[in-house]
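In case you want the letters, here they are:
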Amino acid sequence: MPELPSSDQPLPEQGSTRFRRVLVKLSGEALAAPDGYWLHPPTLASLADDIARAVDKGFQIALVVGGGNVIRGARVSAAGWIDRATGDSLGMMATVMNSLALETALNAAGVTARTMSAVSMPTICETYARQPALHHLDKGQVVVLAGGTGNPYFTTDTAAVLRAAELKCDAVLKATQVDGVYSADPKTNPDAVRYERLSHDEAIARDLKVMDTAAFALARDGGLPLIVGSVHAPSSVTAILTGAARSTLVAP
């Protein structure tokens, strides 16, 4: 495992902002296979290699992955056959499945990774607690944070910002399907405008859908920068963090 830079060494940069400890938020859909199966091992291996490169460059990485490739609690509860709290509990378990798969891929890529779940599953993985998570990060290990916040009605976006604040992260990187924040969906609207930089208040006021409002508000109140970029080639987590790939910075 490479040594992390000491406090007197220059930190990796993203744009004009210096970040060292970053929480990376991945969607569950990013792990799905083209044929619709919930997990695509080549994609998982590629993501793990990407995270390993980021660690090699001196970044400390925590990860939150969604569960939408398996189940979305809000969607199944909207169908009327299950209540929202139960649906969200199913979604939390889906994030544990994804996190364990990602932990395995990271270990295979040569990175020591630990899954920690907000929903206690002690026979499967560690239960999330702030101090042990900080200890893992200080040792240069990747922490994969599962189970959302451990509560229904909160998205994994909100969980990502909450954990980033708790773990003293310098920024949250949301790795999405597009290379930044746009005024509209660029896949359906050719006139969509891409933003280089926004404030949290601007993102909330313009109702930009890259994160839910609760996550934006929590990041704003904590002064936590958000980086939004594409997880798809030629972009990558490492390229975004080092400024080699396009992204949008949402910051105070």
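Residues numbered from 1 in each chain as written. Predicted model: local features only at pLDDT ≥ 70, side-chain atom pairs only at ≥ 80, totals over all residues. Heavy atoms only, no water.

Caption draft 1: Structural view of the packing of helix α1 (residues 41-56) against helix α3 (residues 84-108). Running from N to C, α1 and α3 cross one another at 60°; their axes reach a closest spacing of 8 Å. Between α1 and α3, the angle is such that the two are oblique. For α1 against α3, the interelement crossing comes out right-handed. Along the contact surface, α1 presents Leu44, Ala48 and Ile51, while α3 presents Ala101, Leu102, Ala105 and Leu106. (Axes fitted to C-alpha atoms, helices over the stretch in contact; angles between N-to-C directions. Helix = DSSP H or I, 4+ residues; strand = E, 2+ residues; numbered from the N terminus. Parallel < 35°, antiparallel > 145°, perpendicular 65-115°, else oblique. Left-handed = near helix turned anticlockwise from the far one by under 90°. Contact = heavy atoms within 4.5 Å.)

Caption draft 2: Layout of the sheet that holds strand β7 (residues 142-146). Ordered by their spatial adjacency, 9 strands build an open sheet running β6-β5-β7-β4-β3-β8-β12-β13-β11, and the pairing between neighbours is mixed. Edge positions in the open sheet fall to β6 (126-127) and β11 (197-198), since each of these has one partner strand only. Where strand β5 (residues 113-117) and β6 come together, 2 bridges link them in parallel fashion. Each residue of the ladder has a partner; that of Met116, found in β6, is Glu126. (Pairing = 2+ DSSP bridges.)

Caption draft 3: Quick peek at unusual backbone geometry. For Tyr153, which is not glycine, the phi torsion reads 75° and is therefore positive. Inspection of the secondary structure assignment puts Tyr153 in the loop between β7 and α5 (156-166). When its relative accessible area of 54% is taken as the criterion, Tyr153 is described as exposed. Even without being a glycine, Lys168 presents a positive backbone phi close to 60°. Mapped onto the elements, Lys168 comes out in the loop between α5 and β8 (171-176). (Buried < 20%, exposed > 50% of the residue type's maximum accessible area, 1.4 Å probe, protein only.)

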